[in-house]
Amino acid sequence: MKNNAFKENIAPALVLVIICLVVTAALAGTYGVANPLIEKNAQKTADEARVKVLPSGDSFTPYDGKLVNGVEECYMADNKSGMAVTATYKSFGGTLTAMVGVDKDGKVTGVTVTNHADTPGLGTKAMTDEYLEQYGGVDTAGQDNIKNDANIDQIVGATISSNAVYQCVSEALLQYKECGGVK
């Protein structure tokens, strides 16, 4: 009877525990092997985006000072040509993340949207290269809303997305001022 109780109650539980331990070890091993590769690829993608928004930058070092509200990351070009700032702002579909290049003179050199959840075909019109080109050379922004800035066009029907991009650019320019320029 005792032997039968072990087979019916304890053995299945013991087998499940062993299976869980083996699967956990396998997942931990996979993570240990894959995570460095994932981080390396993410760093490479981020560096490519930095060079895209600040073409004169060759390599970048993280800024370790204060970040203004909405700025996630700030990287200084090692050759002192400018900075690449990653900023976020609430958009129609959620949080929009944009990377903005600012040269040593405080002018925008490029903008790219790196993450968003806006409506494809409508909200994403504010993320096209053609639309984002208008920010090139901009050195002031910061109106409370894109509608109040006569120098920047917005996409009709995608004003929330347009404003999110605008606010990310404004945050990047504020970060430039917070850093005291490029040093």
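Residues numbered from 1 in each chain as written. Predicted model: local features only at pLDDT ≥ 70, side-chain atom pairs only at ≥ 80, totals over all residues. Heavy atoms only, no water.

1. Some words on helix H3 (residues 159-179)
And step 1. Between the first and last C-alpha of H3 there are 30 Å, a value that for 21 residues agrees with the 30 Å anticipated at 1.5 Å per step.
And step 2. H3 sits mainly inside the fold: 16 of its 21 residues count as buried. (Helix = DSSP H or I, 4+ residues; strand = E, 2+ residues; numbered from the N terminus. Expected span 1.5 Å × (residues − 1). Buried < 20%, exposed > 50% of the residue type's maximum accessible area, 1.4 Å probe, protein only.)

2. Thoughts on the sheet that holds strand E4 (residues 94-103)
Backbone-to-backbone hydrogen bonds pair the strands of a sheet. The strands run either parallel or antiparallel.
And step 1. Taking strand neighbours across the sheet as the criterion, the five strands line up as E1-E2-E3-E4-E5 in an open arrangement whose pairing is antiparallel. The outermost strands of the open sheet, each flanked by one partner alone, are strand E1 (60-62) and strand E5 (108-115). Between one strand and the next, the sheet's axes are offset by a mean angle of 25 degrees, whatever the strand orientation.
And step 2. Relative to strand E2 (residues 71-77), E1 is paired through three bridges, and the arrangement is antiparallel. Across the sheet, the residue bridging to Pro62 is Tyr75, located in E2.
And step 3. Relative to strand E3 (residues 82-91), H3 is tilted by about 140 degrees, and along the sheet it contacts E2, E3, E4 and E5. (Pairing = 2+ DSSP bridges. Axes fitted to C-alpha atoms, helices over the stretch in contact; angles between N-to-C directions. Contact = heavy atoms within 4.5 Å.)

3. Looking at the packing of aromatic side chains
And step 1. With the rule as written, the count across this model stands at one aromatic pair.
And step 2. On the numbers, 6.3 Å between centres and 75 degrees between planes, the contact of Tyr131 with Tyr135 is edge-to-face. Like Tyr131, the residue Tyr135 is buried in the burial classification. (Phe/Tyr/Trp six-rings, centres within 6.5 Å; stacked < 30°, edge-to-face > 60°.)

4. As for the state of the cysteines
And step 1. The tally for this structure, following the rule as stated, stands at zero disulfides.
And step 2. No disulfide involves Cys179; its nearest neighbouring cysteine sulfur is the one of Cys74, lying 4.2 Å away.
And step 3. A residue is classified by how much of its surface remains accessible, and Cys179, at 10% relative accessible area, is buried. (Disulfide = S-S within 2.5 Å.)

5. Some remarks on a nonpolar patch on the surface
And step 1. The grouping of Phe6, Ile10, Leu14, Ile18 and Val22 at the surface amounts to a nonpolar patch, some 460 Å² of accessible area in total.
And step 2. With respect to the secondary-structure elements, Phe6 resides in helix H1 (residues 2-53). (Patch = residues over 30% accessible without salt bridge, like charges linked within 9 Å, V, L, I, M, F, W, Y side chains within 5 Å. Areas by Shrake-Rupley, 256 points an atom, 1.4 Å probe, with all protein chains shown as cover. Salt bridge = Lys/Arg side-chain N within 4 Å of Asp/Glu carboxyl O.)

6. Re the pairing of E4
And step 1. Where burial is concerned, most of E4 is hidden: eight out of the 10 residues are buried.
And step 2. Across 10 bridges, the pairing between E3 and E4 is antiparallel. From the neighbouring strand, Met83 faces E4, where its bridge partner is Val102.
And step 3. As judged from the six bridges shared by E4 and E5, these two strands associate in the antiparallel manner.

Everything listed here is a matter of coordinates, which is why it stays silent on function.
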